[in-house]
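# Structural description and commentary
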Amino acid sequence: MKFAYYPGCSARSTCAELNEATHLVANRLGLDLVQLDSATCTGARELRAIDPPGFYALNVRILALAERQGLPLMTICNTCTLNLLDAHAAFVSDPELAESVNAKLADEKLRYSGRTKISHFLWVLHEEIGEQQLLRQVVKPLNGLTVAAFYGCHITRPPGRYGFVDSRNNRALERLAEILGCRPIDYSGRTECCGFHTAAHDERVAIKLTGQHVLSAKAAGAATMVTPCPLCHTVLDSFQPEMEKDVDRKLDMPVLHLPQLVGLALGLTPEQLKIDRHMVPAGVLDGYAAAASNVPR
Amino acid sequence: MAISRDTLTAVAFAVDGRRIGQAEQHDTLAERNLRFKPGDVLAVKVRRSEVPAGSDIYQAFEVPYQKWMRVLDALNWIAENAAADLAFRWFCGSKMCGTCAVRMNGREVLACWEAVEPDMIIEPLRNLPVIRDLVVDRTRYEEKVASLEPWIERREPYGAFPEPLTHKQMKDASKALDCISCMCCYSACPVIGLGNLTDFAGPAPLVQLGQTALDPRNSPEKVRRSLEQSGIFNCVSCYKCEEVCPASIPIVSRIIEPLKAKAAQLVPEMAINSFALREVVASRGRVDPTELVLRVQGLRSLRNPRRIWRLLTRGKINPIRTLLRLKTAAAAAASHLLRDGTGKS
């Protein structure tokens, strides 16, 4: 299975370990990822508000790059996924917009016709790999590892994009955790916001919000959290000392990128998956990796 | 809840990965309506504000199901048959007046427009003081709306009569006009939930503002004055407001973002963070978080040396790349598309 691969900015800077883990896991799963070298940022949340023409141009260009290769597009960041989905939806419903964007892309001899399928790695696992295939490839089931799934906003909302009456009913991550042998736990922060998008100018919001989510995961007995979004990861992991100060409690909650959790169950080691690059050490996983390696295949 | 690995093999393939959980959690209107049969009894718990010492603040009721029962019907049944002193507001019963919003199982709903669930916990809205039981005090919201002066001022003479005004010019303002001021979004907003931590006006007041600020006939001077006190760039873009809006207003994408665009144009100093991001992308192709934080926070970004050390030792930041402003392979395209050939973004 071949995908045009769009990691986004975060996975190529602060969360470089996510990019590396995705490549390793994709390799194990037989996914062929084609890097789009000249792909730009999708504009985060800022561009879509203050510069819509620029926002559409950047996103449609990425879609056009994938379309030129004739490949579906795979993302690993929630916000990028929603930006691309929104730009695609606007492009196919507004011929005037479509024409003006294509005129800008013409200098590069690019043209989008609205055919690129956009999918996040989480959905690729469920839709393209499938549960049966995943179960077959799990060589080190993470038996009983209690996992708190942290979805983030832009893979569950807005309702018009994903169709849930109540985004809390989304169970894609828990289902996946079960396939990997984990025990997903229920807690109040599952589909809440990490506050990343205002953290550059005021990180107090992010710290206050996520402190409660991590506390709730901890109280529910989670040994680790897992998230499909590098932006959520940045807040949950890098800001944890500040959260601890704010809630006046030790949290020590490791946070894994989705491909890292999958990778562990597929037999990759925490070192290979660069879990040691995180701020909060994931010592709890060493036990699992060691114990699991004794399990005969 | 947990699926064993043995039974998993028997579970059919999930075809649509983005909707996993929807069917099993009855997450469609039809599913939720068709779960009951006549004779069913609903287990309803209502949060009361005054209870005798020692009793639960959530009072439990058993409510007989009636066909097409709404949350409001359940509340009315309780008031008529079990607790005459239960306080809740409602008026029109048909999604117009916006007075009956409550939280049902942790989600903001209009009592008159929401199907009942087999087990329901009903609570008052959050982020507003409770007067009694399910009745909240809306003063905080009303004062905020008034302070934003959500009306139209015109200094220029009319262009023509009748005045030309297209659907396209009014497309966002007309979405805002669907608002029934039910406060669902205000209750769901996590930033409002943090109290006075920021000066964010909140989704409901911003929708009220959008009705006139996004109207092309309004004077830019008037819109500027309102936006200056909106704190709008503190919105975290979580879409919680859109999710609960009974009027289906796309609050983030059609109200808050267009208002941010107005602010960027009329009060550029409010949007310096957004301009900084655009400048980083336009010059380097992708976001370098270190450069963005330095541009936005300036020297303030250096006040936490322990975090900087943490980030450095784990390779999370790369000062060399930032100081040399190394371009990515995407820089040329980004500069072309964001700078419009003018060389400036």
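Residues numbered from 1 in each chain as written. Chains lettered and ligands numbered in written order. Predicted model: local features only at pLDDT ≥ 70, side-chain atom pairs only at ≥ 80, totals over all residues.

### A word on the overall build of chain A
Scanning chain A for helices and strands turns up 14 helices and 8 strands. For chain A, whose C-alpha radius of gyration is 19 Å, the value lies close to the compact-globule estimate of 19 Å for 297 residues. With the C-alpha coordinates of chain A rotated into their principal frame, the extents come out at 55 × 45 × 35 Å. Taken over 297 residues, chain A has a buried fraction of 61%. Considering only residue pairs separated by 6 or more positions, chain A has 78% of its internal contacts joining residues 24 or more positions apart. (Helix = DSSP H or I, 4+ residues; strand = E, 2+ residues; numbered from the N terminus. Rg over C-alpha atoms; globule rule 2.2 N^0.38 Å. Buried ≥ 20, exposed ≤ 12 C-beta atoms within 10 Å, placed from the backbone. Contact = placed C-beta atoms within 7 Å.)

### Overview of helix α4 (residues 139-147) of chain B
Residues and elements named next belong to chain B. Within α4 the residues assigned to the buried category are Y141, K144 and V145. The buried residues of α4 occupy an angular sector of 100° when the element is viewed end-on, so they sit on one face. For α4, the exposed residues lying more than 90 degrees away from the buried face are T139, E143 and A146. In the segment just after α4, E149 is the residue with positive phi, at about 50°. (Arc of directions from axis to C-beta.)

### Digging into the nonpolar core
Residues B:V71, B:V102, B:C185 and B:L259 are the most contacted members of the largest nonpolar core, which totals 184 residues. If you tally residues by element for this core, the top one is helix α3 (residues 52-69) of chain A, at 10 residues. (Core = buried A, V, L, I, M, F, W, Y, C linked by C-beta atoms within 7 Å.)

### Considering the environment of A:Q240
All names here are of chain A. With respect to the element layout, Q240 can be found in helix α12 (residues 240-247). A count of 23 C-beta atoms within 10 Å places Q240 in the buried class. Through-space distance from the C-alpha of Q240 to that of V280 is 7.7 Å; in sequence the pair is 40 residues apart. Those residues within four positions of Q240 in sequence are excluded, and the remaining contacts are L251, M253, M279 and V280.

### Overview of unusual backbone geometry
Of note, the bond from A:R157 into A:P158 is cis; its omega dihedral lies within 30 degrees of zero at 5°. The residue A:P158 is located in the loop between β5 (146-149) and α8 (159-162) in this model. With an omega dihedral of -5°, the bond running from B:F161 to B:P162 counts as a cis peptide bond. If you trace the backbone, B:P162 turns up in the loop between α4 and α5 (171-176). Phi at A:K109 is positive, roughly 60°, even though this residue is not glycine. With respect to the element layout, A:K109 can be found in the loop between α5 (95-105) and β4 (118-120). Accessibility expressed as a C-beta count within 10 Å gives 7 for A:K109, which makes it exposed. The backbone phi angle of B:D133 is positive, close to 45°, even though this residue is not glycine. Here B:D133 shows up in the loop between β6 (130-132) and β7 (135-136).

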